[in-house]
Amino acid sequence: MKWLDTAKAYKEKDPSVKSLWEVIFLNQGFHALGYYRIAHGFYNLKLYFIAKFISQVGRFFTGIEIHPGAQIGKRFVIDHGSGVVIGETTLIKDDVMIFHNVTLGAVKINHEKRHPTIENNVLIGANSSVLGPITVGEGAKVGAHALVLKDVPEGAVVYGHVGKIKSN
């Protein structure tokens, strides 16, 4: 069950969480993912209006905006969550964790891939923006308040405004 694996990931990654029940009933990031999964199903059926409607209901209740066209892998964790925006062509792979006020957005308006790809095991800090059709490599960390406009290599640490890549 994908939702149970996600709940367990929340408990594992957030030391303030005391039980799975707390995640399931009280965590806005977990709830936003539930709305997203339902909306994404309708999006895949090309029922775009219904998908977007469900997405907006989820945004109203959680403060987290996930476009139903985004592709999100397993055990994705949104900690705190308020102000998170995830664009339509975003691809998020497995075991990714992001914090509040993160934007995974576009820099151009077109009908091609315009949002980032986030590889496995990436951590994105609070108030960060990852913009454009770029890739954040596996195991990378994006520091709080970073503005990322270029590809990030695997395992790199990105910090600053505009983000600089720190060598390992």
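Here, the structure is the one placed above.
### Some points on the sheet that holds strand S10 (residues 129-131)
Step number 1: Strand order in the open sheet made by the 5 strands is S1-S4-S7-S10-S13, with parallel pairing throughout. On the outer flanks of this sheet lie strand S1 (65-66) and strand S13 (147-148), each paired with one strand and no other.
Step number 2: Pairing of strand S7 (residues 103-105) with S10, which is carried by 3 bridges, proceeds in the parallel orientation. The residue of S10 that forms the bridge with Thr103 is Ser129.

### Observations regarding unusual backbone geometry
Step number 1: One non-glycine residue with positive phi stands out, namely His80, at about 70°.
Step number 2: Positionally, His80 belongs in the loop between strand S3 (77-78) and strand S4 (85-86).
Step number 3: With relative accessibility at 51%, the residue His80 sits in the exposed group.
Step number 4: Although it is not a glycine, Asn121 sits at a positive phi angle of roughly 60°.
Step number 5: By secondary structure assignment, the location of Asn121 is in the loop between strand S8 (117-118) and strand S9 (123-124).
Step number 6: Classification of Asn121 by relative accessible area gives partly exposed; the value is 42%.

### Side note on the packing of aromatic side chains
Step number 1: Tallied over the entire structure, the rule returns 4 aromatic pairs.
Step number 2: Plain terms: the ring middles of Trp21 and Phe25 are 5.7 Å apart, the flat faces sit at 20° to each other, and that makes the pair stacked. Remark: Phe25 and Trp21 occur in helix H2 (residues 20-26); sequence separation between them is 4 residues, near one turn of the helix.
Step number 3: Residue classification places Trp21 among the exposed positions, given a relative accessible area of 60%.
Step number 4: For the ring pair Tyr43 and Tyr48, a centre distance of 5.0 Å and an interplane angle of 65° mean the geometry is edge-to-face.
Step number 5: A residue is classified by how much of its surface remains accessible, and Tyr43, at 19% relative accessible area, is buried.
Step number 6: The class of Tyr48 is partly exposed, set by a relative accessible area of 41%.

### Points about the side chain of Arg114
Step number 1: Looking at where Arg114 falls in the secondary structure, it is placed in the loop between S7 and S8.
Step number 2: At a separation of 3.3 Å, a polar atom in the side chain of Arg114 contacts the main-chain carbonyl oxygen of Asn110.

### Here's the deal with helix H3 (residues 28-44)
Step number 1: Between its terminal C-alpha atoms H3 stretches 24 Å, which fits the 24 Å expected from 17 residues at 1.5 Å a residue.
Step number 2: Of the residues making up H3, those classed as buried are Gly29, Phe30, Ala32, Leu33, Tyr36, Ala39, His40 and Tyr43.
Step number 3: Each element contacted by the buried residues of H3 is listed here: helix H1 (2-13), H2, helix H4 (48-62), S1, strand S2 (71-72) and S3.
Step number 4: Where H3 starts, the residue carrying a side-chain oxygen 2.9 Å from the main-chain nitrogen of Gly29 turns out to be Asn27.

Cut-off values and rules
Residues numbered from 1 in each chain as written. Predicted model: local features only at pLDDT ≥ 70, side-chain atom pairs only at ≥ 80, totals over all residues. Heavy atoms only, no water. Pairing = 2+ DSSP bridges. Helix = DSSP H or I, 4+ residues; strand = E, 2+ residues; numbered from the N terminus. Buried < 20%, exposed > 50% of the residue type's maximum accessible area, 1.4 Å probe, protein only. Phe/Tyr/Trp six-rings, centres within 6.5 Å; stacked < 30°, edge-to-face > 60°. Polar contact = N/O pair within 3.5 Å; in protein donor to acceptor, adjacent residues only side chain to side chain. Expected span 1.5 Å × (residues − 1). Contact = heavy atoms within 4.5 Å.

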